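Here's the letter readout for the chains.
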Amino acid sequence: MSIPAAANRRRASAVAAFAVALLPFTTALGQAPAGAERAGAPRAEPQPAPPGQASAMLFARVLVNTVNRGDHAILRDARGRVLVPLAELAKWGLATGGVIPVTVDGESYVDIAAIPGLDVRFDASTVTLEIQAAAAALPATTLNLGPERRAGVTFPQDDSFFLNYGLNAAGDDAFGQRQYQFATELAVRGGRWLFYNTTSQQWGSGAQSGFVRLLTNVQLDDRPNLRRLTLGDFFTPGFDLNGSVPLAGASLTKYYSMDPYFVQYPTAGFTTEVAFPSTVQVRIDGNLVAQRQVQPGPLDITNVTSGLTGGQNVSVVIRDPFGREQSLQQPFYFATGLGLAAGLHEYSYNLGFLRRQYGVTSNDYGDAAASGFHRYAFTNQLTLGVRGQATRDLYNVGPFGTWQSPLGIVGLGASIGGRNGASAVAGSGVYSYTGANFSVTLGSLYRARDYAQLADLVSDFRIRSNSY
């Protein structure tokens, strides 16, 4: 219920009653129409009311773009102007628009109808102040639809260990010519460091009998920066023009998978405006993935993600209280495996000694070698990087990149490399698209005869060209 009160809160109740009694007469003197009316004509620079001009304080129901902001004390003068407290105006998400506040009894008020871009109506019969503002003038709302990060997650660093083991047996259809393998996996944590070791033991008919140490290393995870330092045995990242090889040394690698809530690939998003409180539905290929209630104002929908790789149709449906519906659609290609969101780096730097006959012998190491790559996403569509390998009398280096669009993802790479003074080029290209009804992948790889990579030193098998 709206309760009239005196303009000066410190007056006695009798004076308040007298001011309320004068309200119909002051309204008549100002020739303000009854019922729903526009609260004064807009002014560029409203001036303070002259001293002694009659005004009354009302507790009015305030609606901003149909949103109920509660009952607030406002002033209404003899000319029908509606003055609202400056502090309340900010709480409603509205700016003064350059209008000079008026001071009444030590408190700042603003002529609400003088603010540019506002449609203001005051209903005297219900003591309701209705304000209609452009959506762009209201506070923005952001809907982040990425994985919801759980609060209170702890990452214990207690000393601990685990041991996995397995025994495998294989033979012919009569279970003759039997071969056996016993494998172990051991990990021991002490503080932030993790010791990791794997082994294999084989025996039996036709098997290369003996014990083989596979990987032995210690790892340190830098969770805030999503990086991992590995000291010991590890495999380098593999690419089309320079394959993965085992090294024993040091490796510093960016691992986004450390954080299960982090989305490293580009995500879909929408930017629009909502004039009234509305219901927003987000769908991927018609499947509802999110539904939210939003307030009037600019609306930014971010991090629309999909668990599936491929091209999908992302749509947003906005329904206001009057039943009106707005639909936005965009095709989007979710490159969950290859894509990198704008501004992100991905890298791996590796230095050590090349390990030969991995899985056959335990401690056969060769010359010192280096391998690494670094790529950066300049936009959600374009990612560029450089990769290379080197050891004594062998090297390769070259750029690579990906381009993502709603029609799929394209990857290109080039490299120059050689061995023992000879050098040659290599190149690759691939196009991939996965859709709801079909998928297609086209690719080509070429390595010249004298092109060299570290994998040539650990295996005699190599592919010079391949198209598919």
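Located above this text is the structure these notes cover.
So, a few notes on the structure that sits alongside this text. Here the residue numbering is sequential within each chain, running from 1 through the sequence in written order. Only residues with pLDDT of at least 70 are given local features in this predicted model, and only at 80 or more are side-chain atom pairs given and counted; all residues enter the totals for whole chains, interfaces and linings. The basis for every side-chain value is the complete set of heavy atoms in the structure, and neither hydrogens nor water enter the calculation.

**Some points on the overall build of the chain**
Reasoning step 1: Numbering of helices and strands runs from the N terminus; a helix is a DSSP stretch of H or I covering at least four residues, while a strand is a stretch of E covering at least two. A tally of helices and strands in the chain yields 2 helices and 29 strands.
Reasoning step 2: Exposure is judged per residue with a 1.4 Å probe applied to protein chains only, and the accessible area is read against the type maximum: over 50% gives exposed, under 20% gives buried, and values in between give partly exposed. The buried share of the chain, taken over its 468 residues, is 40%.
Reasoning step 3: A separation of at least 24 residues holds for 55% of the contacts in the chain among residues at least 6 apart in sequence.
Reasoning step 4: If you sum the accessible surface of the chain, you get close to 24,700 Å²; carbon and sulfur atoms cover 57% of it. Contacts are residue-level and defined by heavy atoms, with any inter-residue pair within 4.5 Å sufficient. Residue exposure ignores everything except the shown protein chains as possible cover, and the areas themselves are Shrake-Rupley values with a 1.4 Å probe.

**What to know about the pairing of strand β6 (residues 107-111)**
Reasoning step 1: Taken together, the 3 bridges between strand β4 (residues 82-85) and β6 define a ladder with antiparallel strand orientation. Along β6, the bridge assignment pairs V84 with V110.
Reasoning step 2: In this antiparallel pair of consecutive strands, strand β5 (residues 102-104) and β6, the connection spans 2 residues, and D105 shows a positive phi of 55°. Should DSSP find at least two bridges between two strands, the strands are regarded as paired.

**Structural notes on the sheet that holds strand β17 (residues 278-284)**
Reasoning step 1: As summarised here, the arrangement of the 4 strands in space is β18-β17-β20-β21, forming an open sheet in which the pairing is antiparallel. A single partner strand is all that each edge strand has here, and the edge strands are β18 (287-294) and β21 (325-334). Looking at each pair of strands side by side, their axes are set apart by 15° on average, direction ignored.
Reasoning step 2: Two elements, strand β20 (residues 310-319) and β21, share 10 bridges in a ladder whose sense is antiparallel. Think of each axis as a best-fit line through the C-alpha atoms, taken over the contacting stretch in the case of a helix, with angles from 0 to 180 degrees between the N-to-C directions.

**Structural notes on the sheet that holds strand β9 (residues 141-144)**
Reasoning step 1: If you walk across this open sheet you meet the 3 strands as β9-β19-β16, and the pairing is mixed. Looking at strand neighbours, the two that pair on one side only are β9 and β16 (268-274), the edges of this open sheet. Taking each pair of neighbouring strands and ignoring which way they run, the sheet shows an average axis angle of 15°.
Reasoning step 2: In this structure, β9 lies alongside strand β19 (residues 297-304), joined through 4 bridges in parallel fashion. Note that in β19 the partner of T141 across the bridge is L299.

**Topic: the pairing of β20**
Reasoning step 1: Most of β20 sits out of view: 8 of its 10 residues are buried.
Reasoning step 2: Bridge analysis of β17 against β20 gives 6 bridges, and the strand direction is antiparallel. Bridge pairing links T279 to R319 in β20.
Reasoning step 3: Where β20 hands over to β21, the hairpin turn is made up of 5 residues, of which G323 adopts a positive phi near 85°.

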